[in-house]
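Residues per chain are reported as follows:
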Amino acid sequence: WVTQWRLGYYGASREQADWVATAIRSAVVDLYGVGSGYTVRLAEWRSLGAMTRSDQVDPPLWSALEALTLQVAS
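The rules we used
Residues numbered from 1 in each chain as written. Predicted model: local features only at pLDDT ≥ 70, side-chain atom pairs only at ≥ 80, totals over all residues. Heavy atoms only, no water. Patch = residues over 30% accessible without salt bridge, like charges linked within 9 Å, V, L, I, M, F, W, Y side chains within 5 Å. Areas by Shrake-Rupley, 256 points an atom, 1.4 Å probe, with all protein chains shown as cover. Salt bridge = Lys/Arg side-chain N within 4 Å of Asp/Glu carboxyl O. Helix = DSSP H or I, 4+ residues; strand = E, 2+ residues; numbered from the N terminus. Buried < 20%, exposed > 50% of the residue type's maximum accessible area, 1.4 Å probe, protein only. pLDDT = per-residue confidence, 0-100. Expected span 1.5 Å × (residues − 1). Contact = heavy atoms within 4.5 Å. Core = buried A, V, L, I, M, F, W, Y, C linked by side-chain atoms within 4.5 Å. Polar contact = N/O pair within 3.5 Å; in protein donor to acceptor, adjacent residues only side chain to side chain.

## Description of a nonpolar patch on the surface
Taken together, the side chains of Tyr10, Val57, Leu61 and Leu65 define a hydrophobic patch exposed on the protein surface, amounting to about 360 Å² of accessible area. Along the chain, Val57 falls in the loop between strand S3 (52-54) and strand S4 (61-73). You can call Val57 partly exposed: its relative accessible area is 43%.

## Topic: the confidence of the model for the protein
Overall, the predicted model of the protein reaches an average pLDDT of 89, with 97% of residues at or above 70. Of all helices and strands in the protein, the one with the weakest mean pLDDT is strand S2 (residues 39-47) (88), whereas S3 scores best (94).

## Some thoughts on unusual backbone geometry
A cis amide bond links Asp58 with the next residue in sequence, Pro59, at an omega value of 5 degrees. Position of Pro59 relative to the elements: it lies in the loop between S3 and S4.

## Focus: helix H1 (residues 14-30)
The α-helix advances 3.6 residues per turn, and as a result positions three or four apart in sequence lie on the same side. With 17 residues, H1 should cover 24 Å at 1.5 Å per step; its first-to-last C-alpha distance of 24 Å lies within 8% of that length. Buried residues along H1 sit against strand S1 (2-11), S2 and S4.

## Thoughts on the nonpolar core
Ranked by size, the top nonpolar core spans 13 residues in total, and within it Tyr9, Ala43, Met51, Leu68 and Leu70 carry the most contacts. Of all the secondary-structure elements, those providing two or more residues to this core are S1, H1, S2 and S4. At five residues, S4 tops the list of elements feeding residues into this core. Excluding its chain neighbours within four sequence positions, the residues that come into contact with Tyr9 are Ala17, Val20, Ala21, Ile24, Arg25, Trp45, Trp62, Ser63, Ala64 and Glu66.

## A word on the side chain of Thr69
Mapped onto the fold, Thr69 is located in strand S4. Judged by relative accessible area, Thr69 falls into the buried class, the value being 7%. Only 3.2 Å separates the side chain of Thr69 from the side chain of Arg46, close enough to count as a polar contact. When sequence neighbours within four positions are dropped, the list of residues in contact with Thr69 reads Val2, Thr3, Gln4, Leu42, Ala43, Glu44 and Arg46.

Printed below as a string of structure tokens:
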């Protein structure tokens, strides 16, 4: 079966938000073959978000939004 995920990354600085995004992307790759009765067969990134700055809060907030699909089999 296939599941769709939307991920959001946030940080107080651009470097912090980018670090979180990089760590999560690596964790998704580590999911291959993992499962209790189910196995992740494929992770397909649908969109990789650019870092954006929000000045609506003080201090400014950095974020990125992404989407991926996981193919899982039993």
